[in-house]
Structures are given as C-alpha cells and as structure tokens.
Amino acid sequence: HELKTPVTSLKLFLETFLKYDLARKDQEKYIHYMLSDVGRLADNINRILNLARLESKSYQADFRITDLVQSIEDFLETHAPLFEGCDIRVHPPSEASWRHPVDRPLFEMLVMNLLTNAVKYNKSDRPRIDIRFHAGRRNLRLRFEDNGIGISRGETRKIFRRFYQTGRPGRTLAKGSGLGLNLVQNIARLHKGRVEAESRTDVRGSVFTLILPKRKTTSLME
C-alpha cells in the first residue's frame, strides 16, 4: 500500500486546484508539495524496477576489482549537493588497499540508500555519518554510523523486509517506500555478503554494516 501515499496526495492537491481559486502564493506552495510527491513516486518506481532486475535470473552483474574507499570518496564528491548540510566523514583504514570485486553501479546504489536513509531518519540539526572500514580474517566490514533516531532491538531484522516502515507513529516525519533497505540487502547478497543493523551504544544513532567475504586475489574476477 506504500505506493498509494504520494499518488493519493497528488490527487488531493490536484482536486484542490480544481475546486478553489487559489492565490499565486498558495499555488506555489501546493506545486512544491506535488513536485516532492512526484520525486517520491519516481524513487519508489525506480526501487521496484531495480529490485525486479536483481531478482530476475537474466540479471548479469559486472564484478570488477574496485578500491572501495576511493569509490565511496568519489561518490561523495560527485553527489555532494545531495548531502549539503550533512557531515559525512570517511575514515581511511589502516590497510594500504581495500580492493574488492563489486558491481560498481550496484555498490553506489547501496551507498546512496544507506546515506539517504541515515539523513531521512534523523532529527539532529546536522546529520552526521561516519564511514569506517574494518578487515577481519574472513570478511571486510564497512560501517555506516549515524546520529539519527536509532533502531529498536525488535526492528533490527524487520527493517530489511520489503515495504516495512520503521519508527513509532509520531516519532519521525520521514516518509519512505519501505524498499530502500530491502534493495540494500539484495545488493549485498548478490555480492555474497549481507547488511546488519544495530543501534549505537556510545551515542544516539544507528549503525549499518556491510559485511563482504574476503576473497583470494586469484578468484577476484570469478
């Protein structure tokens, strides 16, 4: 039912235009609302199409050796206008290189969804996201730590379900499709990994961790 929200809102605004003789100031206000709803509807449609592509047997991922740290830094530089007013910090790992096989467009889609989610579910004056890298013996962990509203213990797995909406009524004004985190998890699984969510223990906020399996250099292009 999530897709009905922007459509219903658009219908209401258009009916208001037909029913009332609005002043130009009010027209502009409603037009801005409608443009916002159109953007949300387009995002929802794109996410559904992307999910359909990922789940189809015909989808062919293009895995290429990529420096994940540099990829995220490039992404942030390219999309800086989208995160104006946010404090996003990349903490380079102690390891010299974090090269790993990924489908670059899908990896960037995953990063985009995690960052926009951290900003959307955030009540602070200046949303902050710290991106950290940790390498273990068997896996690589990319942590996205935010100062948002946090996640209740009972929601840490539910939020990855399709169309699931996090937060109690009145807790946040954020409106989402319930598809972003489901898309993130699907992208992670395509890379033989997963994404885990938890509330931060040091301060208020959430942590989303992308866990990727380590691979030997000889099998990186498989």
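Please refer to the structure higher up on the page.
Along each chain, the written sequence defines residue order, and numbers are assigned to residues from 1. It should be noted that, the model being predicted, local features are given only for residues of pLDDT at least 70 and side-chain atom pairs only at 80 or more, the latter also being counted only at that level, while totals for whole chains, interfaces and linings use all residues. Hydrogens and water molecules were not included; the side-chain quantities draw on all heavy atoms of the structure.

Chemist: Outline empty space enclosed by the protein, supporting the account with residue identities and numerical values.
Modeler: Cavities and pockets were defined on a 1 Å grid built from protein atoms only: a cavity is a group of points that admits a 1.4 Å probe but offers it no way out, a pocket is an open group of points flanked by protein on both sides within 12 Å along at least five of seven lines, and a lining residue is one with an atom within 4 Å of any such point. Grid points are joined across faces, edges and corners, and a volume is the space filled by probe spheres set on the points. Under the definition given, this model contains two cavities of 30 Å³ or more. Volume-wise, the largest cavity comes out at about 110 Å³. Taken together, twelve residues make up the lining of the largest cavity; nearest its centre are Asn117, Tyr121, Ile151, Ser206 and Phe208. In this text, helices come from DSSP runs of H or I with a minimum length of four residues, and strands from runs of E with a minimum of two, each type numbered from the N-terminal end. Those elements that place two or more of their residues in the lining of the largest cavity are α4 (104–120) and β7 (206–213). Of the voids in this model, the second largest cavity is the one considered here, and its volume is about 40 Å³. Lining the second largest cavity are Val102, Phe107, Leu110, Ile187, Ala188, His191, Leu210 and Leu212. Looking at the lining of the second largest cavity, the elements with two or more residues in it are α4, α5 (180–190) and β7. Any residue that is not Ala, Val, Leu, Ile, Met, Phe, Trp, Tyr, Cys, Pro, Asp, Glu, Lys or Arg is counted as polar, Gly included; the first ten are nonpolar and the last four charged. Classifying every residue of the lining of the second largest cavity gives seven nonpolar, one polar and no charged.

Chemist: Summarise the packing of α4 against α5; cite the residues concerned and give the values.
Modeler: When two helices pack together, you describe them by how their axes are tilted relative to each other and by the distance separating the axes. Two elements in contact, α4 and α5, have axes separated by 9 Å at closest approach and are oriented at 145°. Seen from above, α4 lies across α5 with left-handed handedness. Where α4 approaches α5, its residues Leu106, Met109, Leu110, Asn113, Leu114 and Asn117 are matched on the opposing element by Gly180, Leu181, Leu183, Val184, Ile187, Ala188 and Leu190. Across the contact of α4 with α5, the residue classes break down as ten nonpolar, three polar and no charged. Helix axes are fitted to C-alpha atoms over the stretch in contact, other axes to C-alpha atoms as well, and angles between N-to-C directions run from 0 to 180 degrees. Take the far helix as the reference: if the near one is turned anticlockwise from it by less than a right angle, the crossing is left-handed, and if turned clockwise, right-handed. Any two residues whose heavy atoms approach within 4.5 Å at even a single point are treated as in contact.

Chemist: I'd like a rundown of the nonpolar core, residues and numbers included.
Modeler: Nonpolar cores are built from buried Ala, Val, Leu, Ile, Met, Phe, Trp, Tyr and Cys residues. Side-chain atoms within 4.5 Å join them into one set. Classification of residues uses two cut-offs on accessible area relative to the type maximum, computed with a 1.4 Å probe and protein chains only: under 20% is buried, over 50% is exposed, and between them is partly exposed. Ile72, Leu115, Ile131, Leu142, Phe144 and Phe208 are the most contacted members of the largest nonpolar core, which totals 39 residues. Broken down by secondary-structure element, the contributors of at least two residues to this core are α3 (68–78), β2 (87–91), α4, β4 (128–135), β5 (139–146), α5, β6 (194–199) and β7. With eight residues, the single largest contributor to this core is α4.

Chemist: Summarise the sheet that holds β5; cite the residues concerned and give the values.
Modeler: Strand pairing is assigned whenever DSSP identifies at least 2 bridges connecting the two strands. One open sheet accounts for five strands, arranged β2-β4-β5-β7-β6; its pairing is mixed. Here the strands that pair on one side only, and so sit at the sheet edges, are β2 and β6. Sheet twist, expressed as the average angle between the axes of neighbouring strands with direction ignored, equals 15°. Where β4 lies against β5, seven bridges are found, and the strand directions are antiparallel. Bridge pairing in β5 places His134 opposite Arg141. On the sheet, α3 packs against β2, β4, β5 and β7 and is oriented at approximately 160° with respect to β2. Contacts between α5 and the sheet are confined to β6 and β7, with β6 contributing the most and set at about 135° to the helix.

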